[in-house]
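Structural characterization, general
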Amino acid sequence: MATTIQTPPTEVYMDADRAIFQSSGVEPHILADLTDDIYEHYQQCEQALIALDRSPIDNELVRSLFRWVHTIKGNLGIIGFSPVLPLVGAAEDLLGLLR
């Protein structure tokens, strides 16, 4: 007989007053790892966009940017942060065209 383990909703706080995101079904330590990974990839994307502004024909940088955005989209899907998935998916599509 299989046992189902229920994990409580996890809240991510962006300020002291309220939670802006609640993820149910994701263990807190996994959520923390994924959000850290999302933040790291976001920083890489930001730096890549700045570099692409200076050198717009850097194909390797475009491919790296695509991979980072793809990873962010996947991680957002895992934690269930669906409000931004269409936006990130559209960015991934545009980068896919540039590759």
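Note that this is a predicted model, so its numbers are computed, not measured. (Residues numbered from 1 in each chain as written. Predicted model: local features only at pLDDT ≥ 70, side-chain atom pairs only at ≥ 80, totals over all residues. Heavy atoms only, no water.)

1. So, the environment of Gly25
- Structurally, the position occupied by Gly25 is in the loop between strand E2 (19-23) and helix H1 (28-54).
- Take Gly25: its relative accessible area is 55%, and that puts it in the exposed class. (Helix = DSSP H or I, 4+ residues; strand = E, 2+ residues; numbered from the N terminus. Buried < 20%, exposed > 50% of the residue type's maximum accessible area, 1.4 Å probe, protein only.)

2. Concerning helix H3 (residues 85-98)
- Compared with an ideal rise of 1.5 Å per residue, which puts 14 residues at 20 Å, H3 spans 20 Å between its outermost C-alpha atoms and is within 8% of the ideal.
- Where H3 is buried, its residues touch helix H2 (59-79). (Expected span 1.5 Å × (residues − 1). Contact = heavy atoms within 4.5 Å.)

3. A few points about the nonpolar core
- If you look at the biggest cluster of nonpolar residues, it comprises 18 residues, and the most contacted ones within it are Cys45, Leu65, Val69, Ile72, Leu76 and Ile79.
- When residues of this core are traced back to their parent elements, those giving at least two are H1, H2 and H3.
- The biggest single contributor to this core is H2, with 9 residues.
- When near neighbours in sequence (up to four residues on either side) are disregarded, Ile72 contacts Ile38, His41, Tyr42, Cys45 and Val88. (Core = buried A, V, L, I, M, F, W, Y, C linked by side-chain atoms within 4.5 Å.)

4. Section: the side chain of Asn75
- Examined against the element boundaries, Asn75 turns out to sit in helix H2.
- Overall, Asn75 belongs to the buried group, its relative accessible area being 8%.
- A polar side-chain atom of Asn75 sits 2.7 Å from a polar atom in the side chain of Asp37.
- Excluding anything up to four places from it in sequence, Asn75 contacts Leu34, Asp37 and Ile38. (Polar contact = N/O pair within 3.5 Å; in protein donor to acceptor, adjacent residues only side chain to side chain.)

5. Regarding the packing of H2 against H3
- Following both chains from N to C, one finds H2 and H3 inclined at 155°, their axes separated by 9 Å at the closest point. Comparing their axes, H3 and H2 come out roughly antiparallel. In the packing of H2 onto H3, the handedness of the crossing is left-handed. Contact residues: H2 offers Val62, Leu65, Phe66, Val69, His70, Ile72, Lys73, Leu76 and Gly77, while H3 offers Leu85, Val88, Gly89, Ala91, Glu92, Leu95, Gly96 and Leu98.
- For the contact of H2 with H3, the residue count by class is 11 nonpolar, 4 polar and 2 charged. (Axes fitted to C-alpha atoms, helices over the stretch in contact; angles between N-to-C directions. Parallel < 35°, antiparallel > 145°, perpendicular 65-115°, else oblique. Left-handed = near helix turned anticlockwise from the far one by under 90°. Nonpolar A, V, L, I, M, F, W, Y, C, P; charged D, E, K, R; others polar.)

6. So, the confidence of the model for the protein
- Scored by pLDDT, the protein has a mean of 83; 76% of the residues are at 70 or more.
- Of all helices and strands in the protein, the one with the weakest mean pLDDT is strand E1 (residues 10-13) (51), whereas H2 scores best (95).
- Between residues 1-9, whose pLDDT stays under 50, and residues either more than four places distant or in other chains, the model counts 7 contacts. (pLDDT = per-residue confidence, 0-100.)

7. Digging into the packing of H1 against H2
- Two elements in contact, H1 and H2, have axes whose closest approach is 9 Å; the angle formed by their N-to-C orientations is 155°. Classed by the angle they form, the pair H1 and H2 counts as roughly antiparallel. As H1 packs across H2, the resulting crossing turns out to be left-handed.
- For the contact of H1 with H2, the residue count by class is 18 nonpolar, 5 polar and 1 charged.

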